[in-house]
Amino acid sequence: MKSKNKKLSAQDGKFIYEGDIVTDDKSKQMLYDGQGYLFNTETKCFFKGTWKRGEKVCGIETFPNGDVYEGQYKDGVFHGRGLIYNNVQLYPDKKGQYLYDGQFEQGQKHGFGKEQYFTGGRYEGQFKCNQKHGPGKLVFSDGSYFVGDFQRGLPNGFGVHVAYSKDRIVSTFPPPSNIQERLESEAREEIQEQEQEKEKSEYLYEGEFVDGYKHGLGRLYYPSGSYFYAYWEYNKPARDFIEYIAEGHKWRILNVKQLQTDQSINFFKIIRDNKSSWIEKYPIKGNSYPPAELDGYKVLIDEKGLKREDFEDPEFDYSEQSFSIKDENDQPVVAPIEFERIFASKYFKKKEFKLFTKDIQPGYLQYSEQYCCQQLTVVLNALTFHSYLLNKVFTRKYEAEIGFYFIKLFLKNEWKEYIIDDKIPVFKYDKMPIFSNSQEPELAWVILFKAFAKYNQSFQYFTNDKLTRAVEYLTLLTGMPTVQFSIPNNFGENQEYSDQQKKIWKTMSQKYQSTKVRICYLYKEMEERLKLPRNTAYQIVDMQESSLGKRDESYFLLILASHQKLSLKQDITNQTSQARYKLQERNPQARGNEAYFLMEYKDFIKHFQYVIMLCATRYPIQNQQLIEPEEKDKHNQELRFFCRFRTNLTQDCLICVTQDHQDKQEEYVVQEKTFPVRIVLAKEKDLFTNKNQVKKKIVSRWTEQVSLSKQERDKDKKEDTTKAEMKYTSLFDQNADKKQINPYKYCFGKGQSSGKMLFKDASLESGAYVLFVQVETGDSKEQFDLKKMKFWITIHSQKLIQIQRLDQQILDFQKLVYESAIAIADKHSQDTNKFKYFHKGDLSEQENGSSDLVITQYFIKKEGTYLQHLHNKSSNKIWRQKLYFKLDNMQIIDHRESQKLDICLSKKQTALIIIQQVGAKKYNLEGGEGICIVDLLHDELAEEEQEVKNNETATFQEDNQQIFQQTTSKPKFGSLFFKS
């Protein structure tokens with residue numbers, strides 16, 4: 001029963017309510033229900049609106065700071081359509097009013113909304129968790145704007161930035177947050193607005209963004225129509241780029257080295273400073289537009305797209321009139337095909353022609369078993385579990401309005417744009433596309449399959465299943481490294497797992513637990529037995545351990561087939577049902593989907609031969625630096641490069657070095673051999689010496705003497721000042737020496753690999769790092785042409801990292817870094833967890849039997865580096881060490897003879913011998929594999945000095961003896977006596 005217009009006050013005095021109430025039948029409590037007012041005496045919040053059984057439904061709520069919310073609620077928080085704004089009357093000094101009108105979810109801005117800012121700017125688009133996320137338009141107070149994709153509140157993905165000044169077009173997002181900078185920016189904007197009223201010049205950039213920076217492929221237009229087309233990093237071209245000059249209709253290629261400067265330097269300032277020299281240094285290439293393959297199809301966009309004319313791709317002359325499919329007996333059948341434009345296709349019912357009709361869902365691609373492209377379908381389905389990785393591939397540039405699309409693939413270690421027309425292959429008999437798609441057909445997948453056909457210049461490419469193509473597809477679609485495991489199918493006694501099988505399970509389920517991209521292939525015998533197509537691929541979606549007791553452990557895998565007919569069924573047991581429940585709880589999309597199936601690890605080992613996994617799915621950002629070797633990089637039979645980068649936040653990443661050595665012979669491109677590569681990462685220490693801290697220590701010592709009398713202080717004042725200055729000088733000199741000796745902290749090293757790609761996971765603290773890349777070129781007389789060699793340094797990360805190649809080599813870098821590694825090993829020698837990368841041994845007694853010479857050996861197993869540290873503690877002995885190394889897979893670095901060493905240690909001297917793996921051959925050096933001879937040398941110089949001293953003493957004694965005999969028998973004061 002309701003009681004209306006009754007004023008209530010809570011017992012604790014916290015709430016004051018006036019409005020409709022209802023009494024609950026069970027609890028007999030009074031609940032707000034209907035129209036009512038509520039005032040919170042503690043928070044000073046006031047609500048007026050509709051209630052339902054004690055919960056807010058909709059209304060107006062005012063907050064103490066003047067903010068007002070009007071809209072819907074759920075569970076006491078903003079949820080549904082709402083409007084939040086600030087009361088302008090309370091803030092007369094504000095330039096404008098803040099306002100958000102849009103969707104809320106669980107108290108946060110989520111969905112479509114419009115936002116207006118104090119500065120006069122505004123945003124209209126998608127939100128997620130209170131941040132701009134998805135397509136949207138951001139307009140700034142000066143009229144410049146950005147239209148494109150947002151992630152985490154910043155432009156990420158493809159976008160168009162329009163501005164009316166050079167400074168604004170190359171600025172970063174968001175605008176300055178500092179109050180003083182904002183005021184100065186507003187003053188500049190007011191001046192610009194006055195100038196723009198006279199003559200409004202529009203600068204435009206269209207291309208890729210990362211965290212608000214122009215980063216990736218993009219084109220920047222001048223108001224005159226001239227433009228730069230380049231790969232951008234931090235708002236500046238990062239590689240050789242194209243300049244098109246509208247006046248005269250000509251173009252040229254400019255060298256990027258002119259632009260490798262500080263981030264803070266304006267791009268247009270660099271152009272202005274170098275314009276005169278560029279005219280002579282970089283000649284005009286032609287009086288036309290640049291070729292389509294160089295400038296991203298600018299001519300086609302102008303000639304076809306803007307005019308809405310039909311476009312046929314001149315680079316892909318597809319003449320196939322048939323396509324091979326498979327019948328019910330898995331036999332190839334030739335099916336006639338034809339090509340029709342997307343807008344005329346019956347397959348796409350919605351004529352919006354957008355790439356995606358909804359958000360990408362995990363594993364929602366469907367494969368028709370009679371068609372081909374099965375491996376590509378599995379790879380794409382795996383990538384849908386990490387949909388952000390596909391943002392690079394699908395560029396929402398123009399959608400379908402202009403008759404063609406842009407797809408990006410990772411070719412030759414760079415992202416390249418592919419233009420795809422809107423003609424798709426369909427079967428003649430039913431007009432269905434020959435490619436896989438989602439349940440509700442989406443245009444993106446058809447366009448992507450066609451891009452792969454263009455890459456291989458034939459649709460018949462998909463009918464060839466003789467090769468496993470998962471690595472090729474994953475590289476083209478992500479640019480990330482992959483790792484492959486071959487699974488041994490032999491078990492131990494009582495069908496127990498072998499150590500190798502357990503290690504592979506642990507690696508897949510723990511080390512790479514963050515990735516869902518695990519592609520596995522069956523044994524050929526198993527394919528024949530199950531009558532499956534050759535090289536049928538599957539995806540491991542999730543993994544689960546199940547145990548009914550300590551001795552009864554089982555491992556299960558949730559696997560996704562590209563079609564339900566390809567599923568491999570397994571009998572249900574108690575353990576299986578438990579594992580199924582846990583796996584389906586984590587993967588709700590698998591419920592009721594017959595394409596998913598569960599398999600025990602033992603059965604998996606019997607069926608599947610190997611697994612291919614994508615390593616860097618956690619890191620959507622690729623930071624790259626191209627290294628082209630020069631003569632100055634040579635060091636004996638090695639090439640040595642140094643790169644520096646900085647991270648302001650603690651983050652995990654994956655560091656990768658890729659070799660790309662190619663040689664053109666006539667019309668063919670021959671892949672050159674790869675070279676053994678080693679990497680070492682070290683963190684730069686903050687070794688600055690704070691003189692003020694040193695002074696404070698001295699002042700504190702002085703303050704202890706305040707209790708002394710004034711007379712005593714005056715008496716010792718001069719002496720104390722002198723001592724203090726000497727103390728200050730000595731402390732500073734000691735710290736300076738320390739800075740010079742050990743400026744680096746060893747992080748990790750990765751042993752030699754002769755493969756195309758070498759990569760290593762890293763957990764980085766904030767700070768600056770140096771990456772050392774060591775390439776072994778060998779001692780062959782036929783030297784490899786440096787101009788044909790390319791190395792790509794890539795850091796896959798969650799935040800942008802700028803990689804800078806150092807022009808000069810760092811002297812004694814390895815010595816300094818490995819001394820740091822030895823210090824780490826000595827510090828954590830008792831901690832087995834931190835000491836696991838080092839094997840330490842003491843050879844002092846074994847080699848020389850003396851405590852004067854301390855010889856300690858270290859073996860860094862992860863990188864194949866063997867260290868021998870020698871310290872001569874004696875003040876009067878000299879030691880000599882001869883080292884002869886037996887194995888041909890190790891060498892002593894920075895010495896003339898790679899396997900022989902003869903070193904002499906003087907008094908109080910130390911030495912570090914570094915022996916490293918060569919030729920990417922296997923190594924095993926825990927016990928040492930060399931002959932070491934240590935000799936105690938006589939100090940010949942000391943003996944000569946002693947002999948001279950004895951001769952002088954004898955001569956002096958003879959002279960004094962003669963003088964003594966000539967004088968009286970009583971000695972005088974001051975006479976010298978020497979013992980014979």
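Anyway, here's the lowdown on the structure attached to this text. Given the structure is predicted, the values throughout are model-derived calculations rather than measurements. (Residues numbered from 1 in each chain as written. Predicted model: local features only at pLDDT ≥ 70, side-chain atom pairs only at ≥ 80, totals over all residues. Heavy atoms only, no water.)

Points about the overall build of the protein chain
Phase 1: When helices and strands are counted, the protein chain shows 17 helices and 52 strands.
Phase 2: Looking at the protein chain as a whole, 46% of its 980 residues qualify as buried.
Phase 3: A separation of at least 24 residues holds for 60% of the contacts in the protein chain among residues at least 6 apart in sequence.
Phase 4: Summed over its atoms, the accessible surface of the protein chain is roughly 53,500 Å², and 47% of this surface lies on carbon and sulfur atoms. (Helix = DSSP H or I, 4+ residues; strand = E, 2+ residues; numbered from the N terminus. Buried < 20%, exposed > 50% of the residue type's maximum accessible area, 1.4 Å probe, protein only. Contact = heavy atoms within 4.5 Å. Areas by Shrake-Rupley, 256 points an atom, 1.4 Å probe, with all protein chains shown as cover.)

Here's the deal with the packing of aromatic side chains
Phase 1: If you walk through the whole model with that rule in mind, you get 52 aromatic pairs.
Phase 2: Aromatic pair Tyr 213 and Tyr 234: ring centres 5.1 Å apart, planes at 65°, arrangement edge-to-face. Taken together, the residues span a long stretch of sequence, with Tyr 213 in strand β15 (residues 213–221) and Tyr 234 in the loop between β16 (227–233) and β17 (236–237) at a distance of 21 residues.
Phase 3: For Tyr 213, a relative accessible area of 23% translates into the label partly exposed.
Phase 4: Here the aromatic rings of Phe 435 and Phe 449 are separated by 5.2 Å at their centres, their planes lie at 10°, and the arrangement is stacked. Highlighted residues: Phe 435 in the loop between β25 (423–427) and β26 (437–438) and Phe 449 in helix α7 (residues 443–455), separated in sequence by 14 residues. (Phe/Tyr/Trp six-rings, centres within 6.5 Å; stacked < 30°, edge-to-face > 60°.)

Considering the pattern of salt bridges
Phase 1: Scanning the entire structure with this criterion turns up 26 salt bridges.
Phase 2: We note a salt bridge from Asp 421 to Lys 450, for which the minimum N-O separation is 2.2 Å. Taken together, the positions of Asp 421 in strand β24 (residues 414–421) and Lys 450 in helix α7 put the pair 29 residues apart, joining distant regions of the chain. The burial state of Asp 421 is the same as that of Lys 450; both residues are buried.
Phase 3: Two residues, Asp 894 and Arg 640, come together in a salt bridge whose shortest N-O distance is 2.9 Å. Separated by 254 residues along the polypeptide, Asp 894 in the loop between β49 (890–892) and β50 (900–905) and Arg 640 in strand β35 (residues 638–647) bring together distant segments of the chain.
Phase 4: Given a relative accessible area of 8%, Arg 640 falls into the buried group.
Phase 5: Residues participating in the shared-partner salt-bridge network are Glu 208, Lys 392 and Lys 408. (Salt bridge = Lys/Arg side-chain N within 4 Å of Asp/Glu carboxyl O.)

What about the sheet that holds strand β36 (residues 651–659)?
Phase 1: Pairing within the open sheet is antiparallel, and its 4 strands lie in the order β33-β43-β36-β41. For this open sheet the edge positions go to β33 (621–627) and β41 (757–764), each flanked by a neighbour on one side alone. Strand after strand, the sheet turns through a mean of 20° between neighbouring axes, direction not considered.
Phase 2: Summarising the sheet, β33 and strand β43 (residues 791–797) pair through 7 bridges and their orientation is antiparallel. (Pairing = 2+ DSSP bridges. Axes fitted to C-alpha atoms, helices over the stretch in contact; angles between N-to-C directions.)

A look at the packing of helix α6 (residues 374–383) against helix α8 (residues 470–478)
Packed helix pairs are specified by the crossing angle of their axes together with the interaxial distance, meaning the distance between the axes.
Phase 1: In contact at an axis separation of 10 Å, α6 and α8 are set at 45° when each is read in the N-to-C sense. The angle between α6 and α8 places the two elements in the oblique class. Every pair of crossing elements has a handedness; the one defined by α6 and α8 is right-handed. The residues of α8 that touch α6, namely those facing Gln 375, Leu 376, Val 379, Leu 380 and Leu 383, are Ala 470, Tyr 473, Leu 474, Leu 477 and Thr 478.
Phase 2: Its residues assigned to classes, the contact of α6 with α8 shows 8 nonpolar, 2 polar and no charged. (Parallel < 35°, antiparallel > 145°, perpendicular 65-115°, else oblique. Left-handed = near helix turned anticlockwise from the far one by under 90°. Nonpolar A, V, L, I, M, F, W, Y, C, P; charged D, E, K, R; others polar.)

Here we look at the pairing of strand β39 (residues 677–684)
A regular strand carries its side chains on alternate faces of the sheet.
Phase 1: With 8 of its 8 residues buried, β39 lies for the most part within the structure.
Phase 2: A two-sided burial pattern is seen for β39, the buried positions comprising Val 677, Ile 679, Leu 681 and Lys 683 on one face and Arg 678, Val 680, Ala 682 and Glu 684 on the other.
Phase 3: In this sheet, strand β42 (residues 767–776) lies alongside β39 in antiparallel orientation, the contact comprising 7 bridges. Bridge assignment links Val 680 to a residue of β42, and that residue is Phe 772.

What to know about a nonpolar patch on the surface
Phase 1: Taken together, Tyr 884, Ile 931 and Ile 933 make up a surface patch of nonpolar side chains, about 250 Å² in accessible area.
Phase 2: Position of Ile 933 among the secondary structure elements: in strand β52 (residues 930–937). (Patch = residues over 30% accessible without salt bridge, like charges linked within 9 Å, V, L, I, M, F, W, Y side chains within 5 Å.)

Description of the nonpolar core
Nonpolar side chains in soluble globular proteins generally cluster together in the buried interior.
Phase 1: Of all hydrophobic cores here, the largest spans 100 residues; its most connected members are Phe 394, Leu 448, Phe 462, Leu 477, Tyr 538 and Phe 604.
Phase 2: Residues Phe 127, Phe 146, Leu 220 and Phe 267 belong to the second largest nonpolar core, which totals 37 residues. (Core = buried A, V, L, I, M, F, W, Y, C linked by side-chain atoms within 4.5 Å.)

A look at the side chain of Asn 535
Phase 1: Here Asn 535 lies in the loop between α10 (524–530) and β29 (537–549).
Phase 2: Residues within four places of Asn 535 in sequence aside, it is in contact with Gln 374, Gln 375, Asp 465, Lys 466, Leu 467, Thr 468, Tyr 521 and Glu 527.

Some details on the environment of Thr 794
Phase 1: When you line up the elements, Thr 794 lands in strand β43.
Phase 2: Separated by 172 residues in the primary sequence, Thr 794 and Gln 622 place their C-alpha atoms 6.5 Å from one another.
Phase 3: Those residues in contact with Thr 794 that sit more than four places away from it in its chain are Gln 622, Asn 623, Gln 624, Leu 654, Ile 655 and Cys 656.

Some thoughts on the packing of α7 against α8
Phase 1: Close contact between α7 and α8 brings their axes to 13 Å; oriented N to C, the two are set at 110°. The orientation of α7 relative to α8 falls into the category roughly perpendicular. The interaxial crossing formed by α7 with α8 has right-handed handedness. On α8, the residues that touch Leu 448, Phe 452 and Tyr 455 of α7 are Glu 472, Tyr 473, Leu 476 and Leu 477.

Examining the side chain of Glu 684
Phase 1: You can see Glu 684 is positioned in strand β39.
Phase 2: Polar side-chain contacts of Glu 684 include one of 2.7 Å to the side chain of Arg 644.
Phase 3: Once you skip the residues sitting within four places of it in the chain, Glu 684 turns out to touch Arg 644, Pro 743, Tyr 744, Ala 768, Tyr 769 and Val 770. (Polar contact = N/O pair within 3.5 Å; in protein donor to acceptor, adjacent residues only side chain to side chain.)

Some points on unusual backbone geometry
Phase 1: Notably, Asp 211 is not glycine yet its phi reads approximately 50°, a positive angle.
Phase 2: Secondary-structure assignment places Asp 211 in the loop between β14 (203–210) and β15.
Phase 3: Using a relative accessible area of 12% as the deciding quantity, one classes Asp 211 as buried.
Phase 4: At Gln 457, a position not held by glycine, the phi torsion is positive, near 60°.
Phase 5: As for its position among the elements, Gln 457 is in the loop between α7 and α8.
Phase 6: Its relative accessible area of 44% is what places Gln 457 among the partly exposed residues.

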